[in-house]
Amino acid sequence: MAKEITSREENYSQWYNDIVKKAGLADNSAVRGCMVIKPYGYAIWEKMRDQLDKMFKETGHVNAYFPLFVPKSLFEAEEKNAEGFAKECAVVTHYRLKNDPLQKGILSVDPEAKLEEELVVRPTSEAIIWNTYRDWIQSYRDLPILINQWANVVRWEMRTRPFLRTAEFLWQEGHTAHATKEEAIREARQMHDVYAEFAEQFMAMPVIKGFKTENERFAGADDTFTIEALMQDGKALQAGTSHFLGQNFAKAFHVTFSNEKNENEFVWATSWGVSTRLIGGLIMTHSDDDGLVLPPRLAPIQVVIVPIPRPEPLLLEKAEQIRKALQDQGISVKIDVDDTKRPGFKFAEYEMKGVPVRLGLGMRDLENNVIEVARRDTREKASVSLDTVVSHVADLLEEIQQNLFQRAINFRNEHMTEVNDFATFKEVLESKGGFLSCHWDGTSETEEKIKEETKATIRCIPIDAPEEAGVCVYSGRPSSRRVIFAKAY
RNA sequence: CGGGGCGUAGCGCAGUCCGGUUAGCGCACCUGGUUUGGGACCAGGGGGUCGCAGGUUCGAAUCCUGCCGCCCCGACCA
């Protein structure tokens, strides 16, 4: 069998790139740092989007759309946020091209068409949204505002990687406005929970829920809640964040409301987002050296039926029966009717693309009233009676979903190490990586020093971390709970 | 943005050091035939701004200059 994917052991980065390419998820584009998301990759994103959108609606949110461009003066209004993003903003300065007077067929920027005020291409939309909310909010009766938008954003990254970090990416950003601090905090935590549930139940990707230290917090937030996942190379991936923004944006954009006592108060805010980065996390959580492995709940094709050795009427007729029956159970099925490729080739292709279940149907099977059922996660094959195949496959998809999740949990647990001294810290980080659970003295200085010396950062302070007396792994000063360190993407 | 590597057909590469027929090979593609339960075989065929732009030369994929892009490592990054 021709191996087309670099093994993880040989070169993890190359393995990742190979999967993206060979599974048909994305291509590089003519634009530096920007990728083309291909139909199969986009189909995964659509599945994620549809499910998240449903969960957002169930928690009372509605969708809207705000502009791509943010006038610079608005962008800089909330100082910390503007500062945080300043170094990676694309800026529009002109609005017209003209024919170059010297070179035929060449367009150049028309110096006459310089914008009075530059437009920042949104790296996130707090500024434009809060500037709008000012007009929408007068009274406590106008609150809460629970809006989400599906959009693209641009962050001019120095070094990009498909899905994990691209100059332009797709995401959703929720922006909510509340009358009280308590309600806003509840909202931020609720969406944090939604993200964790989505990651675990749909992506089968276990996450640690926690909050960020001041250093790692979103610029402009009072508190950032995060879900942190662990990739197969032992590095952590921040998979989603939900921010309690306090009154920072309300103050910057003068958004106030009259409360029931007719007193003016600043509005409380949250924002929360997940992006196409999740696809990178999905890849690095489950896939293997034979290609992509997808959890059934997010697989664009859940079941593929391959007629063996070739699509013949009798086989296709039976396949179509099975497809209909599975479809009635809400399962997406593709019948491969391509007669220019042989079964072995197709098997390898669908394994590359991570299709969870493959059904192989030949004349011999038909005679014996059976069908071959192959599962992608364990590579096991079984012969199953045609009478029971539909319920068998439905159960199997669920089993695969659970197995992938359990496997990922096991991996995560094996790579969660409690460490109590700095020598061990460094040694564990180098030898097996993963999450290091340690005491930390709570100071930025210690956090910075550990980062300088080891490249590891505090991924989060787990929400459920128990109170436990101890001493800081670096400084030896007292600490009351453990935090999670790791090298991160 | 720094160090290293690479850019020749859709993909993977040889040719570049040392300039010289019509630029090759494997896979893929097209046609015909034989095959067919894990990436089939035979025969024939099509497909190239040699990353881009200048320069040197009788002659450039090959030498020189500049630029662009991609990959790996680092710095940077909520």
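Everything quoted here is computed from the prediction, not taken from an experiment. (Residues numbered from 1 in each chain as written. Chains lettered and ligands numbered in written order. Predicted model: local features only at pLDDT ≥ 70, side-chain atom pairs only at ≥ 80, totals over all residues. Heavy atoms only, no water.)

Section: the pairing of strand β10 (residues 168–178)
Most of β10 is tucked away: 9 of the 11 residues are buried. Sheet topology note: the strand β9 (residues 145–154)/β10 ladder contains 10 bridges and is antiparallel. Within β10, the residue paired with V153 across the bridge is F169. (Buried < 20%, exposed > 50% of the residue type's maximum accessible area, 1.4 Å probe, protein only. Helix = DSSP H or I, 4+ residues; strand = E, 2+ residues; numbered from the N terminus. Pairing = 2+ DSSP bridges.)

Regarding the side chain of T285
Relative to the elements of secondary structure, T285 occurs in helix α8 (residues 277–286). Other than its neighbours up to four places away in sequence, T285 contacts A204, M205, M231, Q232 and A408. (Contact = heavy atoms within 4.5 Å.)

Focus: the protein's contact with RNA strand B
In the vicinity of RNA strand B, 38 residues are found, and the nearest of them are F85, R155, P309, R364 and K455. Counting only atoms of RNA strand B within 4 Å of the protein, the sugar-phosphate share comes to 40%. In this structure, E351 approaches RNA strand B through a side-chain N or O atom, which is 2.9 Å from a base nitrogen. In the environment of RNA strand B, a base oxygen lies 2.5 Å from a nitrogen or oxygen atom belonging to the backbone of R364. Among the secondary structure elements, those contributing two or more residues to the surface near RNA strand B are α1 (12–22), α4 (79–85), α10 (343–352), β19 (357–362) and α11 (363–368). By residue class, the composition of the surface near RNA strand B is 11 nonpolar, 11 polar and 16 charged. (Near = heavy atom within 4 Å. Polar contact = N/O pair within 3.5 Å; in protein donor to acceptor, adjacent residues only side chain to side chain. Nonpolar A, V, L, I, M, F, W, Y, C, P; charged D, E, K, R; others polar.)

Quick look at the nonpolar core
Membership of the largest hydrophobic core comes to 54 residues, with the highest contact counts inside it found for L25, M48, F163, F198, I283 and L292. Residue contributions to this core peak at 7 residues, all from helix α2 (residues 39–58). Two domains each provide a minimum of three residues to this core, namely domain 1 (12–92 + 121–286) and domain 2 (296–407). The contact partners of L292, leaving out residues within four places of it in the chain, are I19, A23, L25, Y40, I44, I283, S287, E351, M352, K353, G354 and R376. V120, A127, I137 and A177 belong to the second largest nonpolar core, which has 30 residues in total. (Core = buried A, V, L, I, M, F, W, Y, C linked by side-chain atoms within 4.5 Å. Domains from an automatic or database assignment.)

Focus: the domain arrangement of chain A
With domains assigned, chain A is organised as domain 1 (12–92 + 121–286), domain 2 (296–407) and domain 3 (416–486). Computed from C-alpha coordinates alone, the two centres of domain 1 and domain 3 are separated by 27 Å. With 18 residues of domain 1 at the contact, the number on the domain 3 side is 18 residues. Where domain 1 abuts domain 3, roughly 1500 Å² becomes buried across the two surfaces, and 61% of that area is made up of carbon and sulfur atoms. Counting across the domain 1 and domain 3 interface gives 2 salt bridges. Between domain 1 and domain 3 we count 7 residue pairs in polar contact (both at pLDDT 80 or more) in total. Sorting the residues of the side of domain 1 that touches domain 3 by element identifies α6 (181–201), β11 (208–211), β12 (223–230) and β13 (236–246) as the ones contributing at least two each. Sorting elements by how many residues they give to the side of domain 1 that touches domain 3 places β12 first, with 5 residues. Looking at the side of domain 1 that touches domain 3 residue by residue, the classes come out as 6 nonpolar, 7 polar and 5 charged. (Buried area = accessible area lost by both parts, 1.4 Å probe. Salt bridge = Lys/Arg side-chain N within 4 Å of Asp/Glu carboxyl O.)

Here's the deal with the sheet that holds strand β17 (residues 303–308)
Within the open sheet, the 5 strands sit side by side as β18-β17-β19-β20-β21. Their pairing is mixed. At either margin of the open sheet sits one strand with a lone partner, and together these are β18 (333–335) and β21 (381–385). Neighbour-to-neighbour, the strand axes of the sheet open up by a mean angle of 25°, direction not taken into account. In this structure, β17 lies alongside β19, joined through 6 bridges in parallel fashion. Along β19, the bridge assignment pairs V303 with V357. Along the sheet, helix α9 (residues 313–328) makes contact with β17, β18, β19 and β20 (370–375), crossing β17 at roughly 170°. Across the sheet, α10 is in contact with β17, β18 and β19; its angle to β17 comes to roughly 170°. (Axes fitted to C-alpha atoms, helices over the stretch in contact; angles between N-to-C directions.)

Concerning the state of the cysteines
Applying the stated criterion across every chain yields a total of 0 disulfides. Note on C34: no disulfide assigned, nearest cysteine sulfur contributed by C89 at a separation of 15 Å. For C472, which is in no disulfide, the shortest distance to another cysteine sulfur is to C438 and amounts to 8.6 Å. (Disulfide = S-S within 2.5 Å.)

A word on α1
Residues Y12, W15, Y16, D18, I19 and V20 constitute the buried set of α1. Buried positions along α1 lie against β1 (26–28) and α8. You can read the cap of α1 off the contacts: a side-chain oxygen lies 3.2 Å from the backbone nitrogen of S13, and it is on N11. At the C-terminal side of α1, G24 shows a positive phi close to 75°.

Comments concerning the side chain of R482
Here R482 shows up in strand β27 (residues 482–486). A distance of 2.7 Å separates polar atoms of two side chains, one belonging to R482 and the other to N420. At 2.9 Å, the side chain of R482 forms a polar contact with the side chain of E468. Excluding residues within four positions of it along the chain, R482 makes contact with E418, V419, N420, S437, C438, H439, P462, A465 and E468.

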